[in-house]
Amino acid sequence: MDATSITFEIPGQPVPQPRQRISARGGFARSYTPGDHAIHAYRQAVGMMAAAAARQARHKPTAAAVVLEVVCVFGRPASHLTKGGGLRSTARPFPPRCDWDNLGKGVSDAITDSGAIWQDDDQVVDGRVRKRYAGPGELPRTIVTVREAGP
């Protein structure tokens, strides 16, 4: 990766990486994520967008340390809005129900699975995940920026 960064967006609601479920069969425990969970389609979309951005930038997967920035923009639920489209005074100022680190985990794992930007997410030496609600006329999405870490 050269001095430039790679930035790409994933349209739609961001999806946090869920906790693994545990089951036992024949005395052996295994962990899994249910096959119908939205994280699977989300991670596939992240991987496809990462690969497309890397191709466009003519980027080869790096073994260097990288910085990862993830901005998760959530759509506001209808209950936050008045009939006129304004924001209710009781509306939460930040998105609930998902931990910031679970948002970053799904994105970084998907980039690793794509093999397009880095070799493994253990190369991320500096990471930042932000979450916020979309502003008026703004669509929900995830914005990802990866750059090589400086000295």
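Thresholds applied
- In this convention, every chain numbers its residues from 1, walking through the sequence in written order.
- This being a predicted model, a pLDDT of at least 70 is required before a residue's local features are given, and a value of 80 or more before pairs of side-chain atoms are given or counted; all residues contribute to the totals for chains, interfaces and linings.
- Derived side-chain values reflect all non-hydrogen atoms in the structure, with water molecules and hydrogen atoms excluded from consideration.
- Helix and strand definitions here come from DSSP, where helices need a minimum of 4 consecutive H or I residues and strands a minimum of 2 consecutive E residues; each element is numbered from the N-terminal end.
- Take the residue count of a helix, subtract one, and multiply by 1.5 Å to get its expected span.
- Remark: exposure states derive from per-residue accessible area (1.4 Å probe, protein chains only) relative to the maximum for the residue type, with buried under 20%, exposed over 50%, and partly exposed in between.
- Note on contacts: a residue pair is in contact if any heavy atoms of the two residues lie within 4.5 Å.
- Here the axes come from fitting lines to C-alpha atoms, over the contacting stretch only for helices, and the angles between their N-to-C directions go from 0 to 180 degrees.
- Roughly parallel here means an angle under 35 degrees, roughly antiparallel means over 145, roughly perpendicular means 65 to 115, and every remaining angle is called oblique.
- In a left-handed crossing the near helix is turned counterclockwise from the far helix by less than a right angle, and in a right-handed crossing that turn is clockwise.
- We call Asp, Glu, Lys and Arg charged. Ala, Val, Leu, Ile, Met, Phe, Trp, Tyr, Cys and Pro are nonpolar, and the rest, Gly among them, are polar.
- By nonpolar core is meant a set of buried Ala, Val, Leu, Ile, Met, Phe, Trp, Tyr and Cys residues that side-chain atoms within 4.5 Å join together.
- Here the arc refers to the set of directions running from the helix axis out to each C-beta atom.

(A) Fine view of helix α2 (residues 100-114). The end-to-end C-alpha distance of α2 is 22 Å, a good match for the 21 Å that 15 residues give at a rise of 1.5 Å each. Listing the buried residues of α2 in full gives N102, L103, G104, G106, V107, S108, D109, A110, I111 and T112. Looking at the buried side of α2, the elements it contacts are β1 (6-11), α1 (39-56), β4 (66-74), β5 (124-133) and β6 (141-148). Residue G115 follows α2 closely and has a positive phi angle near 65 degrees.

(B) Here's a closer look at the packing of α1 against α2. For the pair α1 and α2, the least separation of the axes is 8 Å and the interaxial angle reads 55 degrees. One finds that α1 runs oblique with respect to α2. As α1 packs across α2, the resulting crossing turns out to be right-handed. On α2, the residues touching Y42, R43, V46, G47 and A50 of α1 are G106, V107, D109, A110, I111, D113 and S114. A class-by-class count of the residues in the contact of α1 with α2 yields six nonpolar, three polar and three charged.

(C) Representation of the side chain of D109. With respect to the element layout, D109 can be found in helix α2. Excluding residues that lie within four positions of it along the chain, D109 makes contacts with R43 and D121.

(D) Main features of the nonpolar core. Grouped together as the largest cluster of nonpolar side chains are 28 residues, with contacts concentrated most on F8, V46, I111, I117, V144 and V146. Residue assignment for this core shows that the elements contributing at least two residues are β1, α1, β4, α2, β5 and β6. In terms of residues, this core owes the most to one element, α1, which gives seven residues.

(E) Unusual backbone geometry, seen in detail. For R58, which is not glycine, the phi torsion reads 55 degrees and is therefore positive. As for its placement among the helices and strands, R58 is situated in the loop between α1 and β4. Residue classification places R58 among the exposed residues on the basis of a relative accessible area of 76%.

(F) Geometry of α1. Across its 18 residues, α1 extends 25 Å between first and last C-alpha, which sits within 8% of the 26 Å expected from 1.5 Å per residue. Along α1, the positions that sit buried rather than exposed are I39, Y42, V46, G47, A50, A51, A53 and A54. Down the axis of α1, the smallest arc covering the buried residues is 165 degrees, so these residues share one side. In this structure, α1 carries A41, Q44, M48, R55 and Q56 as exposed residues pointing more than 90 degrees from its buried face. Buried positions along α1 lie against β1, α2 and β6. Two residues or fewer past α1, R58 is found with a positive phi of approximately 55 degrees.

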